[in-house]
Amino acid sequence: MSCERVRPELPGYHFNTLDDEARALVEDHLPACPQCAREFVAVKRAIETAAHAPRPSDLARARLRRAVADDA
């Protein structure tokens, strides 16, 4: 897969929304292409640190904490 085809797939790869074939192609490409690997890290960082990103509600956080505690 070429860089031009990989870059648009990076957000989908991050969110695990790619089909199996596209995911495999991205996974094959990233280790061999430092430029696309850096781009993926940048996309991942931007998604995870965005100030305007939606945050879970207090209720959702409480439910998640209970679920984790119950599973432990």
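This report concerns the structure included in the present document. (Residues numbered from 1 in each chain as written. Predicted model: local features only at pLDDT ≥ 70, side-chain atom pairs only at ≥ 80, totals over all residues. Heavy atoms only, no water.)

**Regarding unusual backbone geometry**
Phase 1 of the analysis: Non-glycine residue Asn-16 carries a positive phi angle of around 60°.
Phase 2 of the analysis: Its location among the elements puts Asn-16 in the loop between α2 (10-14) and α3 (20-29). (Helix = DSSP H or I, 4+ residues; strand = E, 2+ residues; numbered from the N terminus.)

**A look at the state of the cysteines**
Phase 1 of the analysis: Summed over all chains, the structure comprises zero disulfides.
Phase 2 of the analysis: Counting only cysteine sulfurs, Cys-3 is the nearest neighbor of Cys-33, a cysteine outside any disulfide, at a range of 3.6 Å.
Phase 3 of the analysis: The thiol of Cys-36 is unpaired, and the distance to the nearest cysteine sulfur, on Cys-3, comes to 3.5 Å.
Phase 4 of the analysis: Looking at Cys-36, the relative accessible area reads 0%, which means it is buried. (Disulfide = S-S within 2.5 Å. Buried < 20%, exposed > 50% of the residue type's maximum accessible area, 1.4 Å probe, protein only.)

**Structural notes on α3**
Phase 1 of the analysis: Of all the positions in α3, only Ala-22, Val-26 and His-29 are classed as buried. All buried residues of α3 lie within an arc of 65° about the axis, which places them on one face of the element. Opposite its buried face, α3 presents the exposed residues Asp-20, Glu-21 and Asp-28, each directed more than 90 degrees away.
Phase 2 of the analysis: Measuring from the side-chain oxygen of the N-cap residue of α3 to the backbone nitrogen of Glu-21 gives 3.1 Å; that N-cap residue is Asp-19. (Arc of directions from axis to C-beta. Polar contact = N/O pair within 3.5 Å; in protein donor to acceptor, adjacent residues only side chain to side chain.)

**Some details on the nonpolar core**
Phase 1 of the analysis: One finds Cys-3, Val-6, Leu-10, Tyr-13, Leu-18, Ala-22, Val-26, Leu-30, Cys-33, Cys-36, Phe-40 and Val-43 forming the largest nonpolar core, which totals twelve residues.
Phase 2 of the analysis: Looking at this core, the elements that each hand over two or more residues are α1 (3-6), α2, α3 and α4 (34-49).
Phase 3 of the analysis: Per element, the largest residue contribution to this core is three residues, and it comes from α4. (Core = buried A, V, L, I, M, F, W, Y, C linked by side-chain atoms within 4.5 Å.)

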